[in-house]
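# Chains, contacts and geometry: an overview
Single-letter residue listing:
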Amino acid sequence: MPKENNLKLNPKLFEKDIEMLPIRRGFGDGLLEAGKLDENVVGLCADLSESTQMYLFKERFPERFVQVGVAEQNLASVASGMAAMGKIPFISSYAMFSPGRNWEQIRTTICYNDVPVKIAGSHAGVSVGPDGGTHQAIEDIAITRVIPNMVVISPCDAIEARKATMAAATTKEPTYIRLAREKTPIMTSEETPFKIGQAQVFFDPKDFIKDFKKVDVGVIATGALLYKALKVAKKYADEGLGSIKVLNLSTIKPLDEASIIALAREAGALVTIEEHQVYGGMGSAIAECVARFFPVPIEFIGVCDRFGQSGTPDELLEYYGMGESDIGIAIEKVRTRKNIF
Amino acid sequence: MLTDQGIILLEKTANEIRQSIISMLVTAGSGHTAGPLGMADIFTTLYFHSLRHDPKNPTWPERDRLVLSNGHICPVLYATMAHSGYFPVEELQTLRKFGSRLQGHPHRDFLPYLENSSGPLGSGLSQAVGMAIADQINTKNRTGAELRGPSGIDRFIYCLLGDGELDEGQNWEAAMLGSKERLSNLIAIVDRNNIQIDGFTEDVMPLSPLYEKWKSFGWHVQQIDGHNFQQIADAIEQAKAFFEKPSVIIAHTIPGRGVKEFERKPEWHGKPPSKAEADMALAELRTLGGKISSEHQ
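Keep in mind that this is a model prediction, so the values were computed, not measured. Residue numbers run consecutively from 1 along every chain, following the written order of its sequence. All chains are assigned letters beginning at A, and all ligands numbers beginning at 1, according to the order in which they are written. With pLDDT at 70 or above as the cut-off, local features in this predicted model cover only qualifying residues; side-chain atom pairs require 80 or more to be listed or tallied, and sums for whole chains, interfaces and linings still use all residues.

## A closer look at the overall build of chain B
Along chain B, the regular secondary structure elements total 10 helices and seven strands. For chain B, the C-alpha radius of gyration of 18 Å lies close to 19 Å, the compact-globule estimate for 297 residues. Overall, the C-alpha framework of chain B stretches about 60 × 45 × 40 Å when taken along its three principal axes. Of all 297 residues assigned to chain B, the portion counted as buried reaches 53%. Of the contacts formed within chain B by residues at least 6 apart in sequence, a portion of 74% connects residues at least 24 apart. Labels follow the DSSP assignment, with helices taken as runs of H or I lasting at least four residues and strands as runs of E lasting at least two, numbered in each case from the N terminus. For the radius of gyration, the atom set is restricted to C-alpha positions; the globular benchmark scales as 2.2 Å times the number of residues to the power 0.38. Exposure classification rests on a simple neighbour count of other C-beta atoms within 10 Å of a residue's own: a residue reaching 20 or more is buried, one at 12 or fewer is exposed, and one in between is partly exposed. C-beta atoms are placed from the backbone. Contact between residues is assigned whenever the C-beta positions, reconstructed from backbone atoms, fall within 7 Å.

## Some words on the sheet that holds strand β10 (residues 217-221) of chain A
The strands that make up a sheet are held in pairs by hydrogen bonds between backbone atoms, and each pair lies either parallel or antiparallel. All names here are of chain A. With respect to topology, five strands assemble into an open sheet ordered β9-β11-β10-β13-β14, the strand pairing being mixed. Edge positions in the open sheet fall to β9 (200-203) and β14 (298-303), since each of these has one partner strand only. Shown here is a sheet whose adjacent strand axes are inclined to one another by a mean of 25°, direction ignored. In the sheet, β10 pairs with strand β11 (residues 244-248) via five bridges, with the strands oriented parallel. Looking at β11, one finds that Ile220 is bridged to Leu247. The axes are straight lines fitted to the C-alpha atoms, using for helices just the contacting stretch, and the angles between their N-to-C directions are given from 0 to 180°. Set on the sheet, helix α9 (residues 257-267) makes contact with β10, β11 and β13 (270-277); between it and β10 the angle comes to about 155°. Its contacts with the sheet place helix α10 (residues 282-293) against β10, β13 and β14, and it is angled at close to 145° to β13. Two strands qualify as a pair provided DSSP detects at least 2 bridges between them.

## Examining helix α7 (residues 158-168) of chain A
Residue and element names in this part refer to chain A. Of all 11 residues in α7, 11 are buried, a share of seventy percent or more. What α7 keeps buried is the set Ala158, Ile159, Glu160, Ala161, Arg162, Lys163, Ala164, Thr165, Met166, Ala167 and Ala168. Packing partners of the buried residues in α7 comprise β1 (20-22), α1 (23-37), β5 (118-122), β6 (151-153) and β7 (175-178).

## Remarks on the packing of helix α3 (residues 72-84) of chain A against helix α5 (residues 124-138) of chain B
Closest axis-to-axis distance for the α3 of chain A/α5 of chain B pair is 6 Å, and the angle between their directions is 50°. Comparing the axis directions of α3 of chain A and α5 of chain B gives the class oblique. With respect to the hand of their crossing, α3 of chain A and α5 of chain B are arranged in right-handed fashion. Every residue of α5 of chain B that contacts α3 of chain A at Asn74, Ser77, Val78, Ala79, Ser80, Gly81, Met82 and Ala84 of chain A is listed here: Ser126, Gln127, Ala128, Val129, Gly130, Met131, Ile133 and Ala134 of chain B. By the convention adopted, Pro, Cys, Tyr, Trp, Phe, Met, Ile, Leu, Val and Ala count as nonpolar, Lys, Arg, Asp and Glu as charged, and the other residues, Gly among them, as polar. Here the contact of α3 of chain A with α5 of chain B is composed, by residue class, of nine nonpolar, seven polar and no charged. Orientation labels follow simple angle bins: below 35 degrees gives roughly parallel, above 145 gives roughly antiparallel, 65 to 115 gives roughly perpendicular, and whatever is left gives oblique. Here a crossing is called left-handed whenever its near helix is offset anticlockwise from the far helix by less than a right angle, and right-handed whenever the offset is clockwise.

## Focus: the environment of Gly226 of chain B
For Gly226 of chain B, the location among the structural elements is in the loop between β6 (220-225) and α9 (229-241). Among residues more than four places away in sequence, those in contact with Gly226 of chain B are Asp41, Ile42, Ile232, Ala251, His252 and Thr253 of chain B.

## A few points about helix α8 (residues 226-238) of chain A
Residue and element names in this part refer to chain A. Helix span is expected to be 1.5 Å times the residue number reduced by one. Along its 13 residues, α8 runs 18 Å from first to last C-alpha, staying within 8% of the 18 Å computed at 1.5 Å per residue. The set of residues buried in α8 consists of Leu226, Tyr227, Lys228, Ala229, Leu230, Val232, Ala233, Tyr236 and Ala237. Those residues of α8 that are buried lie in contact with β8 (183-185), β9, β10, β11, β13 and α12 (324-340).

Here it is, written out as structure tokens:
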């Protein structure tokens, strides 16, 4: 990092030996911390306490942990009942099953009832890998953000996931926290501020380009793919290819419209990046916002109306068009479109 | 204890509640008739005898909780709540109207005295299980056999279920968890009226043997005549006294009970009476089927 970043991002951000941790681990740590701070925090799991890292909470607070078995619909509604009695329930399973299988229970018994249940969906995205398409949730952002009262958070790394979990434990809104299985780079640090609903500039080209004049393209990313966006932006700066500003959009709902509109104004062209279907996802949320307030050309990186399959995370991200080269192509495309207008 | 005098009062109240159900449904022009009429005796017993609650202080923290799972029978819930003093009886005429607190299916954002919103079938028991677990955590008796610990709240969670909605698998997920958690503070009441929207339950999707099903899921099971106030009240007392297991009361009811024309007919599950049918039904209720002369004729 050339300059002291006011967000106090990981100083090893662009180094080869950057630390890696699974985002879900941050959830496990955050829930344990939240449990220590508030005895109303309870944990419910559908037979996946190890995979979702809820076992950390379970071991420390067995009397506040409910194992419901492989029954995600029950999981959601039992949590609703506990919340109605003053508890702050966290429910965890794979995102495919919660909020996938139990969507209506989440809509009716959690969001329509407007109770503070926190839904941790692990194993989101194609990077789940070898388990294949049945277990790769790439529709979860779309189906959660569409429900009234729901807050949707997609943390970029394990540290942010820990902070998001702890923050969610203090709010009264139903909240979905999207988690990934694989180890991914730690971009933030303990000191990086986090606030639900606040987007943050993780790469500002003026900090990296000597004779910086203007931003060419704004990139908005959510989840671990943010790291690929940062690397591409750095490469552009290092090689004099252009100036790319990158926003970390960890809260997808409520949307930080001010930050998005500001970036659209400044850059005049946007690329959105998410490990999710393009239809209905974070990019769609950006488009809904920008179309209303400051229309600019947008390119969308994500899965294009297809199901996942088995493979390594890297193979799958490349195959489905979410690799670094795809980001570069999208940047060039949107830049051309901007200049045509 | 339910006295003979008490039973007479409950009968009278249930009759008034049935009249309110008919009159609110005909005003609304849509809604369900058979289920609400069939459950009037049970709701009356709960709100006027068994439940620990205070209509003048609806958010009293120590109140019992009543979760209605089959939200479509809400006319009986609204009518019973109004008659017991939660809100004016006149407000019942706003059922299903724009801006009304009495939504077509219960929504607690609109009517805050409700414990839950419902309509989509099959998730009420899960919510009641969650409430009962929360209480067991609070009383530090979650893993123990007794609910009423020294710091315990002497409170019960009631869940009212339709029989048709037991087709939903989620009920059985909840039943397993209730049994696993030994929720002796949970009392489910199944409205066994044998009808659902497409016909008789045993034709649409057989539930029989229902008693054995609940038994095999580890619940304490009682079967009663859902129109016998003494049996209803006694079954609830027995359910309260039974430790170690959650209780279910299978209440055999007659859909449309109180109005001969509507009784036992699946076609009355999901429609309201017309004006003429409502007049006939109200006359029948006011005269107790012709046994007395009505003052309103």
